[in-house]
Amino acid sequence: PNLALSFALEPSFEQLIKHRSGARKLKKMRQQARRMDERGGWACEVAQNSAQAKELLNAFFVMKSKRFEEFGLKDTFERREIKDFFNALFGAEADGVKAPFRLDGLRVGGEILAVAGSSVRHGTNIVECGAVRAHEPTLSPGDFLFHHMIKRACEDGTDAFDFGVGD
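Q: Tell me what's going on with helix 2 (residues 23–38), and back it up with residues and numbers.
A: What sets the pattern is the α-helix's 3.6 residues per turn: residues three or four places apart point alike. Helix length check: helix 2, at 16 residues, gives a terminal C-alpha distance of 23 Å against a target of 22 Å (1.5 Å per residue), a fit within 8%. Buried residues along helix 2 sit in contact with strand 2 (42–46), strand 3 (101–108) and helix 5 (141–155). Glycine 40 sits one or two residues past helix 2 and shows a positive phi near 110°.

Q: Go over the pairing of strand 3 with me, naming the residues and quoting the values.
A: Burial of strand 3 is extensive: eight of the eight residues sit out of reach of the surface. What you see with strand 3 is no split at all: Phe101, Leu103, Gly105 and Arg107 on one side and Arg102, Asp104, Leu106 and Val108 on the other are buried throughout. As judged from the five bridges shared by strand 2 and strand 3, these two strands associate in the antiparallel manner. Residue alanine 43 lies in a different strand from strand 3, and its bridge partner there is arginine 107. Looking at chain direction, strand 3 and strand 4 (residues 111–121) are connected through eight bridges and run antiparallel. Considered in strand 4, the bridge of arginine 107 is made with isoleucine 112.

Q: With reference to specific residues and values, describe the pairing of strand 5 (residues 124–132).
A: Judged from the eight bridges that link them, strand 4 and strand 5 form a sheet pairing that is antiparallel. Across the sheet, the residue bridging to arginine 121 is threonine 124, located in strand 5. Connecting strand 4 to the next strand, strand 5, in antiparallel fashion are two residues, including histidine 122 with a positive phi near 50°. Note that strand 5 and strand 6 (residues 160–162) share three bridges and pair parallel. Counterpart to threonine 124 in the pairing with strand 6 is alanine 160. Between the parallel pair strand 5 and strand 6, the chain is carried across by helix 5, and the sense of this crossover is right-handed.

Q: An account of unusual backbone geometry is requested, with residue identities and associated values reported.
A: If you check the backbone angles, histidine 122 has positive phi at about 50° while not being a glycine. Within the element layout of this structure, histidine 122 appears in the loop between strand 4 and strand 5. On the accessibility criterion, histidine 122 (74% relative accessible area) is exposed. Even without being a glycine, histidine 135 presents a positive backbone phi close to 65°. With a relative accessible area of 64%, histidine 135 lands in the exposed category.

Q: Describe the pattern of salt bridges, naming the residues involved and giving the relevant values.
A: Pairing is possible between side chains that carry opposite charge, provided their charged atoms lie close to one another. Scanning the model with the defined rule gives 12 salt bridges in all. The partner of arginine 133 in a salt bridge is glutamate 136, with the nearest N and O atoms 2.8 Å apart. Note on arginine 133: relative accessible area 27%, which makes it partly exposed. Judged by relative accessible area, which is 13%, glutamate 136 ranks as buried. If you follow the salt bridges from partner to partner, you end up with Arg39, Glu111, Arg133 and Glu136 in one network.

The rules behind the values
Residues numbered from 1 in each chain as written. Predicted model: local features only at pLDDT ≥ 70, side-chain atom pairs only at ≥ 80, totals over all residues. Heavy atoms only, no water. Helix = DSSP H or I, 4+ residues; strand = E, 2+ residues; numbered from the N terminus. Expected span 1.5 Å × (residues − 1). Contact = heavy atoms within 4.5 Å. Buried < 20%, exposed > 50% of the residue type's maximum accessible area, 1.4 Å probe, protein only. Pairing = 2+ DSSP bridges. Right-handed = clockwise from strand over helix to strand, strands pointing away. Salt bridge = Lys/Arg side-chain N within 4 Å of Asp/Glu carboxyl O.

So this is what it looks like as structure tokens:
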């Protein structure tokens, strides 16, 4: 793991925040929640079946495609085989097949604004891929989703959280 992108977790999220001087971060997350409430409410969700995984992944592919286009890069997720692979990978876990993969999403006012796919192995939650809907001037959907993922990882007894390096 790249130590600059990973960190040890505490047994409780409150301890983690306290030891990492997270008071400002908590204030920011409360402010974000209020803004999302004003836009119709919010929910962090984990795909529980292949249909939910497919919905989150479809949003992920659209967000990634737009982001690559903005930077003039080739969309590495555009090929059908790649999309099928991700749907099989995250859909199998959601359907109860024992696999280390999980797909999280943030929905605001009914719209998916952030998606992150993770694996959990040997006590470490590793972010494998992620996308946010760009140009949300008053929101930080990626930060908000990761905040909730880290909180859940603490509650699940995970030892470390790793943002990975990406592709």
